[in-house]
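# Coordinates in review
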Amino acid sequence: MRLIIIALFSLSSINAFATNTSTGKVTIKSVVFYSKQEPTYPAHAGHVQIHFDAVTWTNGGDCHPTSLVIRPEDTHLVSSVLAALMAGEQISIAADDNFKVNVECIARAIAL
């Protein structure tokens, strides 16, 4: 019974160190679309990478200061980023620093 309680406590604390983090408004500098068969950076295969001016992430988030990635299935986020880029508008980004591709956080929301 004691081992079960310890195991449950361990599982429940996995996300204890994850930080929901966000940026203020940022200007998109570039957008990079990676091939689904990316040979040089295989972890980025199919992902979209956004580059922006250096930011400080809220709540002490441990995300890359000038870029993040969008998962291949999040096409609605990609559409939002492209719309903002074409309109010259800034965006705000939300991420969870527990989910990364290499050192870059994965976007969980984009606000226009």
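The structure contained in this document is the topic of the report that follows.

Criteria and thresholds
- Residues numbered from 1 in each chain as written.
- Predicted model: local features only at pLDDT ≥ 70, side-chain atom pairs only at ≥ 80, totals over all residues.
- Heavy atoms only, no water.
- Helix = DSSP H or I, 4+ residues; strand = E, 2+ residues; numbered from the N terminus.
- Buried < 20%, exposed > 50% of the residue type's maximum accessible area, 1.4 Å probe, protein only.
- Disulfide = S-S within 2.5 Å.

Another point: unusual backbone geometry. The residue N59 is not glycine, and still its phi comes out positive at about 55 degrees. Checked against the element boundaries, N59 lands in the loop between β3 (48-52) and β4 (67-70). Relative accessible area serves as the criterion here: at 62%, N59 is assigned to the exposed category. Of note in this structure, N102 is not a glycine but carries a positive phi near 60 degrees. Here N102 shows up in the loop between β5 (92-101) and β6 (104-111).

This next bit is on the state of the cysteines. When the sulfur atoms of two cysteines share a covalent bond, that bond is a disulfide. Applying the stated criterion to the full structure yields one disulfide. Covalently, C63 is tied to C105 through a disulfide, its sulfur atoms 2.0 Å apart. Because the sign of the S-S torsion sets the handedness, a value of about -90 degrees for the bond joining C63 and C105 places this disulfide among the left-handed ones. In this pair, C63 sits in the loop between β3 and β4 while C105 sits in strand β6, placing the two residues 42 residues apart along the sequence. With respect to class, C63 is no different from C105; both count as buried.

Interpretation in functional terms is not warranted from these geometric data alone.
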